[in-house]
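# Tertiary structure, described
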Amino acid sequence: MTKTETTENRRKRLRFRAWHRGTKEMDLLIGSFADAHLGGFDAAQLDRFEALLDVPEPVVYDWILGRGQPPADYDHDVTRLLLAFEFQPPGR
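In this report, the structure presented in the accompanying data block is examined. Model, not experiment: these values are computed from the prediction.

Calculation notes
Residues numbered from 1 in each chain as written. Predicted model: local features only at pLDDT ≥ 70, side-chain atom pairs only at ≥ 80, totals over all residues. Heavy atoms only, no water. Helix = DSSP H or I, 4+ residues; strand = E, 2+ residues; numbered from the N terminus. Rg over C-alpha atoms; globule rule 2.2 N^0.38 Å. Buried < 20%, exposed > 50% of the residue type's maximum accessible area, 1.4 Å probe, protein only. Contact = heavy atoms within 4.5 Å. Areas by Shrake-Rupley, 256 points an atom, 1.4 Å probe, with all protein chains shown as cover. Lys, Arg positive; Asp, Glu negative; His and termini not counted. Charge placed at Lys NZ, Arg CZ, Asp CG, Glu CD. Core = buried A, V, L, I, M, F, W, Y, C linked by side-chain atoms within 4.5 Å.

### Observations regarding the overall build of the protein
Looking only at helices and strands, the protein features five helices and zero strands. Here the protein has a C-alpha radius of gyration of 13 Å; the compact-globule value for 92 residues is 12 Å, and the two agree. Dimensions of the protein along its principal axes, counting C-alpha atoms only, are 40 × 35 × 20 Å. Burial statistics for the protein: of 92 residues in total, 34% are counted as buried. Restricting to contacts in the protein with at least 6 residues of sequence separation, those with at least 24 account for 58%. Summed over all atoms, the accessible surface of the protein reaches about 5700 Å², with 54% contributed by carbon and sulfur. Side chains of the protein give 13 positive and 15 negative charges; the mean places of these two sets differ by 4 Å.

### Quick word on the nonpolar core
Of all hydrophobic cores here, the largest spans 18 residues; its most connected members are Ile30, Leu38, Phe41, Phe49 and Val60. Among the elements of the structure, helix H1 (7–19), helix H2 (24–37), helix H3 (43–53), helix H4 (57–65) and helix H5 (77–84) are those that each provide at least two residues to this core. Take this core: its biggest share by element is five residues, from H2. Those residues in contact with Ile30 that sit more than four places away from it in its chain are Ala18, Arg21, Phe49, Leu53, Val60, Ile64 and Leu82.

### Concerning the side chain of Gln45
Note that Gln45 resides in helix H3. The buried category is assigned to Gln45, whose relative accessible area is 14%. Apart from residues lying up to four places away in sequence, Gln45 is in contact with Gly40, Asp77 and Val78.

Geometric values such as these leave the question of function open.
Structure follows, in structure tokens:
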């Protein structure tokens, strides 16, 4: 976050990044998660979410599917929320 960026603008920027990860599956998962949780995140949680967005998609996807475990650096509240998040397809 830059010194002049407001928290709301930061949330919008992170939401955009979450919805534009690269693969449709991750866009839907991470984007929906962002829509559900970013509004309630404090500055420290936004920092952790932003760092999570820097993790390569296949690695995070493996965490979500249970094929791998997050390393200690990423074993925090935001990652645990993501792993517990129940994606609901649009229209359901």
